[in-house]
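Descriptive analysis of the structure
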Amino acid sequence: NAGVMQNPRHLVRRRGQEARLRCSPMKGHSHVYWYRQLPEEGLKFMVYLQKENIIDESGMPKERFSAEFPKEGPSILRIQQVVRGDSAAYFCASSPVGGSGNTIYFGEGSWLTVV
Amino acid sequence: ILNVEQSPQSLHVQEGDSTNFTCSFPSSNFYALHWYRWETAKSPEALFVMTLNGDEKKKGRISATLNTKEGYSYLYIKGSQPEDSATYLCAFYQGGSEKLVFGKGTKLTVNP
C-alpha cells in the first residue's frame, strides 16, 4: 500500500514562472491537506480539500496560489508567477476521513527553489 | 493566533540516556494533539494522537502524556538509540478547525 506520493520532489523555477506540485493520496483517502515549511519555520497549514471541494483555504496566500483535488487524478497545488519568497518545502497529507482526532499521513514533500 | 511551542529546540544525548521534551499549546477549546517523528529527507511519521486530558500513550520506548487543562504534553524516550535521532513535532487541533498547528519541533541527536 503506497504512501502519499508527491512529485516532483525537487523543482527549480525562475521568477515569474509557474510551479505545479502534485499529490496522490493514499489509496482510499479522500481528504487532502497541503502544508508549507519556509526556511527556519515550522509546518504551516495552507489548504484542506475533499474530492472536488475546497473545505478550508484559510492558510493560502490570497494571490497566485490555488489548489484543486479533482474527481480523478492527484491534488495539484499551483503557484503562478513565483517569487523568491515562495521557495519552501511543500508537504501534502491525506486521511480517509476528516476530523482532527484522526491521523493524517504525510508525503515526503516537494522542494521548490525559485531562482 | 494559535501558538504551539516546543522545547528544547535541540537536544544531544548519549546512547542509553532517557530524555523528554515539552509541547505547550492553548488550553482553550482543545480538540486533539498529535506527535510526529520526522527524519531528514523522509515524511513526518505519526506517533500518537491524543484527545483526552490525562491520556498516556506508549509505542515501544516512546511514550507521551497530555494535560489539556494546563496546555502541555510531554514526549519521553527511554534508553535512546542512534536511530531515534530525528525531529519530533507536536501539532494542535482546536475545536471547529481541520488544520493542525505545528510547533517548530525538537531536534534530537543520539550519539553512539
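Scope of this entry: the structure provided in the associated data block. (Residues numbered from 1 in each chain as written. Chains lettered and ligands numbered in written order. Predicted model: local features only at pLDDT ≥ 70, side-chain atom pairs only at ≥ 80, totals over all residues. Heavy atoms only, no water.)

**A short note on the overall build of chain B**
Secondary structure summary: chain B contains zero helices and eleven strands in total. Along its sequence from the N terminus, chain B presents helices and strands in the succession β-β-β-β-β-β-β-β-β-β-β. Relative to the compact-globule value of 13 Å for 112 residues, chain B shows a C-alpha radius of gyration of 14 Å, a close match. Based on the C-alpha atoms only, the size of chain B along its principal axes is roughly 45 × 30 × 20 Å. Burial analysis of chain B (112 residues in total) assigns 51% to the buried set. Counting contacts in chain B only where the partners sit at least 6 residues apart, residues at least 24 apart contribute 53% of the total. Accessible area of chain B: about 5,500 Å², with a carbon and sulfur share of 45%. (Helix = DSSP H or I, 4+ residues; strand = E, 2+ residues; numbered from the N terminus. Rg over C-alpha atoms; globule rule 2.2 N^0.38 Å. Buried < 20%, exposed > 50% of the residue type's maximum accessible area, 1.4 Å probe, protein only. Contact = heavy atoms within 4.5 Å. Areas by Shrake-Rupley, 256 points an atom, 1.4 Å probe, with all protein chains shown as cover.)

**A short note on the overall build of chain A**
Across its full length, chain A holds zero helices and eleven strands. Reading chain A from its N terminus to its C terminus gives the helix and strand order β-β-β-β-β-β-β-β-β-β-β. For 115 residues, the compact-globule formula gives about 13 Å, and the C-alpha radius of gyration of chain A, at 13 Å, lands near that figure. Here the C-alpha coordinates of chain A stretch approximately 35 × 30 × 25 Å along the principal axes. Within chain A, the proportion of its 115 residues that are buried is 45%. Long-range contacts, defined as pairs at least 24 residues apart, comprise 54% of the intrachain contacts of chain A with a sequence gap of at least 6. Here chain A has roughly 5,700 Å² of accessible surface; of this, 46% comes from carbon and sulfur atoms. Side-chain charges of chain A comprise 15 positive and 11 negative groups, with the mean position of each set lying 6 Å from the other. (Lys, Arg positive; Asp, Glu negative; His and termini not counted. Charge placed at Lys NZ, Arg CZ, Asp CG, Glu CD.)

**Considering the interface of chain A and chain B**
Each partner contributes residues to the interface: chain A has 23 residues there, and chain B has 21 residues. Each partner contributes to the roughly 1,700 Å² buried at the junction of chain A and chain B, and carbon and sulfur atoms together form 60% of this total. Taken together, the links from chain A to chain B amount to zero salt bridges. Counting across the chain A and chain B interface gives four residue pairs in polar contact (both at pLDDT 80 or more). (Buried area = accessible area lost by both parts, 1.4 Å probe. Salt bridge = Lys/Arg side-chain N within 4 Å of Asp/Glu carboxyl O. Polar contact = N/O pair within 3.5 Å; in protein donor to acceptor, adjacent residues only side chain to side chain.)

**Let's talk about the environment of S27 of chain B**
All names here are of chain B. Tracing the backbone through its elements, the reader meets S27 in the loop between β3 (19–24) and β4 (30–38). What makes S27 partly exposed here is its relative accessible area of 39%. Separated by 68 residues in sequence, S27 and G95 place their C-alpha atoms 11 Å apart. Leave out the neighbours within four places in its chain, and S27 touches T68, K69, E70 and G71.

**Considerations on the sheet that holds strand β8 (residues 72–77) of chain B**
Residues and elements named next belong to chain B. An order of β1-β3-β8-β7-β6 is seen for the five strands of this open sheet, with the pairing classed as antiparallel. The outermost strands of the open sheet, each flanked by one partner alone, are β1 (5–7) and β6 (56–59). This sheet shows a mean twist of 15° between the axes of neighbouring strands, independent of strand direction. Of the pairings in the sheet, the one linking β1 to β3 comprises three bridges and is antiparallel in character. Following the sheet pairing, Q6 is matched in β3 by C23. (Pairing = 2+ DSSP bridges. Axes fitted to C-alpha atoms, helices over the stretch in contact; angles between N-to-C directions.)

**Quick notes on the state of the cysteines**
Tallying each qualifying case throughout the model produces two disulfides over all chains. A sulfur-sulfur distance of 1.8 Å marks the disulfide that ties C23 of chain A to C92 of chain A. Judged by the sign of its S-S torsion, about -60°, the cystine formed by C23 of chain A and C92 of chain A is left-handed. Remark: C92 of chain A occurs in strand β9 (residues 88–95) and C23 of chain A occurs in strand β3 (residues 19–24); sequence separation between them is 69 residues. The exposure class of C92 of chain A is buried, given its relative accessible area of 0%. The disulfide partner of C23 of chain B is C90 of chain B, and the S-S distance across this bridge is 1.9 Å. Classification of the bridge connecting C23 of chain B and C90 of chain B rests on its S-S torsion, roughly 75°, and on that basis the disulfide is right-handed. Taken as a pair, C23 of chain B in strand β3 and C90 of chain B in strand β9 (residues 86–94) lie far apart in primary sequence, 67 residues in all. Of the two residues, C23 of chain B and C90 of chain B, both sit in the buried class. (Disulfide = S-S within 2.5 Å.)

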